[in-house]
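Spelled out, the chains give:
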Amino acid sequence: MKITSAEFIISNSDVSKCPKDPLPEYAFIGRSNVGKSSLINMLTNHKNLAKTSGKPGKTQLINHFKINLNWFLVDLPGYGYARVSKKTKEVFQEFITDYFEKREQLVCAFVLIDIRLEAQKIDLEFITYLGEIEVPFCIIFTKADKISKTKIDSHIAAYRKALLANNWEEMPQHFVTSALESTGRDKVLDFIDGVNEQMFKSGEL
């Protein structure tokens, strides 16, 4: 997929106020400081489309970006460890769950995970939650430039083992990415393009 346009549409914390367009949506979410904004900017080839910050918890709203005029990239707040008040975090959780449980346009969620870390409980819990509410999702491992290829493979194998131990029958589809080196960009965009094409052929679009 070649991205020819990427336009910010709206930010809000109320799912009912999200765009009414019947376009497929792909939501990006992960633990705070996982490199989500950098990944979004890399995928869309726009340096400042999503706001990046050294402070975890920068994204605090549901952000819709219209891509190529035919699908939405949705940037969601990170979960866990964000330096925000407990009350604010509870609001995050409420509208994040509202989005995943009520947003009919959602086609697939991308759960971002830092490839450098061992399987984190909060990530496993969120993946389990998506499975329970039957939201299709893929895993995107970020920051692949920070470790060796051998460690990447061993960390993915460890994650597969952790998921199988959590009653998953197989490892979900996953992508290895680096925002710095644009690793995985084409694979992620080709996946989205393929899903959109299937929906178009089936008459869902």
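Residues numbered from 1 in each chain as written. Predicted model: local features only at pLDDT ≥ 70, side-chain atom pairs only at ≥ 80, totals over all residues. Heavy atoms only, no water.

Trainee: Can you tell me about the packing of aromatic side chains, naming the residues and giving the values?
Mentor: Under the criterion given, the structure shown has 12 aromatic pairs. Between Phe110 and Phe175, the ring centres sit 6.4 Å apart and the planes meet at 65°, which makes this aromatic pair edge-to-face. Residue Phe110 is located in strand S5 (residues 106–114), and its partner Phe175 is located in strand S7 (residues 174–176); the two are separated by 65 residues in the primary sequence. Assigned by exposure class, Phe110 and Phe175 land together as buried. A ring pair is formed by Phe175 and Phe191, whose centres lie 5.7 Å apart and whose planes are at 65°; its orientation type is edge-to-face. With Phe175 in strand S7 and Phe191 in helix H5 (residues 185–201), this residue pair connects regions lying 16 residues apart in the sequence. For the pair formed by Phe175 and Phe191, the shared burial category is buried. Chaining the aromatic ring pairs together yields one cluster made of Tyr26, Phe28, Trp71, Phe110, Phe175 and Phe191. (Phe/Tyr/Trp six-rings, centres within 6.5 Å; stacked < 30°, edge-to-face > 60°. Helix = DSSP H or I, 4+ residues; strand = E, 2+ residues; numbered from the N terminus. Buried < 20%, exposed > 50% of the residue type's maximum accessible area, 1.4 Å probe, protein only.)

Trainee: Help me get a handle on the packing of helix H3 (residues 121–132) against helix H4 (residues 149–165), residues and values and all.
Mentor: Where H3 meets H4, the axes come as close as 11 Å, and the angle between the chain directions of the two elements is 55°. Judged by the angle between their axes, H3 and H4 are oblique. Once H3 is placed against H4, the crossing between them reads as right-handed. The segment H3 lies against H4, with Asp123, Leu124 and Ile127 engaging Tyr159, Ala162 and Leu163. Counted by class, the contact of H3 with H4 contains 5 nonpolar, no polar and 1 charged residues. (Axes fitted to C-alpha atoms, helices over the stretch in contact; angles between N-to-C directions. Parallel < 35°, antiparallel > 145°, perpendicular 65-115°, else oblique. Left-handed = near helix turned anticlockwise from the far one by under 90°. Contact = heavy atoms within 4.5 Å. Nonpolar A, V, L, I, M, F, W, Y, C, P; charged D, E, K, R; others polar.)

Trainee: Break down the confidence of the model for the chain for me, citing the residues and quoting the values.
Mentor: Chain-level statistics for the chain give a pLDDT mean of 88 and a share of 89% at 70 or above. Below pLDDT 50 for its whole length, residues 53–58 participates in 10 contacts with residues either more than four positions away or in separate chains. (pLDDT = per-residue confidence, 0-100.)

Trainee: Pulling in residues and values, what's your account of the pairing of S5?
Mentor: With 9 of 9 residues buried, S5 is to be regarded as a mostly interior element. One ladder, built from 6 bridges, connects strand S2 (residues 25–30) with S5; its direction is parallel. Across the sheet, Phe28 pairs through a bridge with Phe110, a residue of S5. In terms of strand pairing, S5 meets strand S6 (residues 137–142) through 6 bridges, oriented parallel. Along S6, the bridge assignment pairs Leu112 with Ile140. Assessed by its sense of winding, the connection that carries the chain from S5 through H3 to S6 is right-handed. (Pairing = 2+ DSSP bridges. Right-handed = clockwise from strand over helix to strand, strands pointing away.)

Trainee: Run through the pattern of salt bridges, naming residues and quoting values.
Mentor: Considering all chains together, one arrives at 10 salt bridges under this definition. When the shortest N-O distance is used, the salt bridge between Asp21 and Lys66 registers 3.2 Å. Of this pair, Asp21 sits in the loop between strand S1 (6–12) and S2 while Lys66 sits in strand S3 (residues 62–67), placing them 45 residues apart in sequence. Taking the relative accessible area as the measure of exposure, Asp21 reaches 27% and is therefore partly exposed. Its salt-bridge partner being Lys121, residue Glu125 comes within 3.8 Å of it at the nearest N-O pair. Remark: Lys121 and Glu125 occur in helix H3; sequence separation between them is 4 residues, near one turn of the helix. Members of the salt-bridge network, linked through shared partners, are Asp114, Arg116 and Lys143. (Salt bridge = Lys/Arg side-chain N within 4 Å of Asp/Glu carboxyl O.)

Trainee: Tell me about the side chain of Asp114, and name the residues and values.
Mentor: Structurally, Asp114 is set in strand S5. Setting aside chain neighbours within four positions, we find Asp114 in contact with Val34, Thr142 and Lys143.

Trainee: Just give me the short version of the state of the cysteines, but keep the residues and values in it.
Mentor: A complete count under the given rule lists 0 disulfides for this structure. There is no disulfide at Cys138, and the cysteine sulfur nearest it, in Cys108, is 4.0 Å away. (Disulfide = S-S within 2.5 Å.)

Trainee: Can you lay out the sheet that holds S1 for me, pointing to particular residues and giving the numbers?
Mentor: Overall, mixed pairing links the 7 strands, which are arranged S1-S3-S4-S2-S5-S6-S7 in an open sheet. Each edge of the open sheet is held by one strand with a lone partner, namely S1 and S7. This sheet shows a mean twist of 25° between the axes of neighbouring strands, independent of strand direction. Sheet analysis places S3 next to strand S4 (residues 71–75), joined by 5 bridges and oriented antiparallel. Within the sheet, the bridge partner assigned to Ile67 lies in S4 and is Trp71. Along the sheet, H3 contacts S2, S5 and S6; its crossing angle with S5, the most-contacted strand, is approximately 165°.

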